[in-house]
Amino acid sequence: MAQARVARAGAHGLPPVLPRDARILVLGSFPGVASLAAGRYYAHPRNHFWPVMGAILGEPLPAMPYEDRLARLAARGIALWDTIVACDRKGSSDQAIRNAMHAEVSRVQRACPGVVAVAFNGNTAARAAPRWREASSLSWLFSRNHSGPRPVRNGRGMAARMWWLPMRSWWWCCHRM
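Residues numbered from 1 in each chain as written. Predicted model: local features only at pLDDT ≥ 70, side-chain atom pairs only at ≥ 80, totals over all residues. Heavy atoms only, no water.

Visitor: So what's going on with the nonpolar core? Residues and values would help.
Guide: The biggest cluster of nonpolar side chains holds 37 residues, and the ones touching the most others in it are Leu25, Tyr41, Trp50, Met53, Leu73, Leu80 and Trp132. When residues of this core are traced back to their parent elements, those giving at least two are β2 (24-28), α2 (49-57), α3 (66-75), β3 (78-82), α4 (105-111), β6 (117-121) and α6 (129-134). Considering each element in turn, this core owes the most residues, 6 residues, to α2. When residues no more than four places from it in sequence are discounted, the contact partners of Leu73 are Trp50, Met53, Leu57, Leu61, Ile78 and Leu80. (Core = buried A, V, L, I, M, F, W, Y, C linked by side-chain atoms within 4.5 Å. Buried < 20%, exposed > 50% of the residue type's maximum accessible area, 1.4 Å probe, protein only. Helix = DSSP H or I, 4+ residues; strand = E, 2+ residues; numbered from the N terminus. Contact = heavy atoms within 4.5 Å.)

Here it is in structure tokens:
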């Protein structure tokens, strides 16, 4: 397997993006090889995270430079991190994660005291929900599907996504790209 496609044993994730005034935290599992190589969240060109978030926020996020994407999320009160901060993994599959070190809830609470909701991006991330629930008084929101390069498809061949986010004190859902 080519070196660029193999995550080193003991790989460390990306630093969290924790704007002080964030109200929503989006947690993935652990960055894939492309994201680690680029030093950017959701960097694989076929990852659907940025198009989905762009559709939810009504912003052209995929067309923006990475730093501008992060600034737009921060302006909307959204923080990013992963439930796993270091692990052993060959490749990018969550199923290959071994020896995971988990993110600290207290770090988010200190950096973003206003966070009231967490959206877990994928099943691996969602498995950390009980630990986050026990350590805080956050509301809980889940993304059932991952946003990776192999999306779950609906009957019309569109990538189906479920993200619940608070908007003007109401809960709303964007479920299609």
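Visitor: Tell me what's going on with unusual backbone geometry, and back it up with residues and numbers.
Guide: Positive phi is not limited to glycine here, since Tyr42 has a value of about 55°. Mapped onto the elements, Tyr42 comes out in the loop between α1 (33-38) and α2. Of note in the backbone geometry, Asn99 takes a positive phi value of approximately 55° without being a glycine. Following the sequence through the fold, Asn99 ends up in strand β5 (residues 98-102).

Visitor: Go over α2 with me, naming the residues and quoting the values.
Guide: In terms of residue burial, α2 counts as a mostly covered element, since 7 of its 9 residues are buried. Listed in full, the buried residues belonging to α2 are Phe49, Trp50, Val52, Met53, Gly54, Ile56 and Leu57.

Visitor: Now, about the packing of aromatic side chains: what can you tell me, with residues and values included?
Guide: Two aromatic rings are characterised by how far apart their centres lie and by the angle between their planes. Counted according to the given criterion, the structure contains 4 aromatic pairs. Judged by centre distance (4.9 Å) and plane angle (80°), the rings of Phe49 and Trp50 are edge-to-face. As far as burial versus exposure is concerned, Phe49 and Trp50 are alike and both buried. Geometrically, the ring pair formed by Trp50 and Tyr66 is edge-to-face, given 6.2 Å between the ring centres and 90° between the ring planes. Remark: Tyr66 occurs in helix α3 and Trp50 occurs in helix α2; sequence separation between them is 16 residues. Tyr66 matches Trp50 in its accessibility class, with the two residues each being buried. An aromatic cluster is built from Tyr41, Tyr42, Phe49, Trp50 and Tyr66, whose rings are joined through pairwise contacts. (Phe/Tyr/Trp six-rings, centres within 6.5 Å; stacked < 30°, edge-to-face > 60°.)

Visitor: Explain the environment of Gly39 residue by residue, including any values.
Guide: The topology assignment puts Gly39 in the loop between α1 and α2. Along the chain, Gly39 and Pro15 lie 24 residues apart, while their C-alpha atoms are 8.9 Å from each other.

Visitor: Lay out the packing of α2 against α3 in plain terms, naming residues and giving numbers.
Guide: Interhelical geometry of α2 versus α3 gives an angle of 40° and a closest axis separation of 12 Å. Taken together, the axes of α2 and α3 are oblique relative to one another. With respect to the hand of their crossing, α2 and α3 are arranged in left-handed fashion. Across the interface between the two elements, Trp50, Met53 and Leu57 of α2 pack against Tyr66, Arg69, Leu70 and Leu73 of α3. Split by residue class, the contact of α2 with α3 holds 6 nonpolar, no polar and 1 charged. (Axes fitted to C-alpha atoms, helices over the stretch in contact; angles between N-to-C directions. Parallel < 35°, antiparallel > 145°, perpendicular 65-115°, else oblique. Left-handed = near helix turned anticlockwise from the far one by under 90°. Nonpolar A, V, L, I, M, F, W, Y, C, P; charged D, E, K, R; others polar.)

Visitor: So, the pattern of salt bridges: which residues are in play, and what are the values?
Guide: Under the criterion given, the structure shown has 3 salt bridges. For Arg72, the salt bridge is made with Glu59, and the minimal N-O distance between the two is 2.1 Å. With Arg72 in helix α3 and Glu59 in the loop between α2 and α3, the pair connects residues that are 13 residues apart, well separated along the chain. Taking relative accessible area as the criterion, Arg72 reaches 35% and is therefore assigned partly exposed. Of the charged contacts, one joins Glu59 and Arg76 as a salt bridge, the two residues approaching to 3.2 Å between their closest N and O atoms. Of this pair, Glu59 sits in the loop between α2 and α3 while Arg76 is found in the loop between α3 and β3, placing the two residues 17 residues apart along the sequence. Judged by its relative accessible area of 35%, Arg76 falls in the partly exposed class. Overlapping salt bridges bring together Glu59, Arg72 and Arg76 as one network. (Salt bridge = Lys/Arg side-chain N within 4 Å of Asp/Glu carboxyl O.)

Everything listed here is a matter of coordinates, which is why it stays silent on function.
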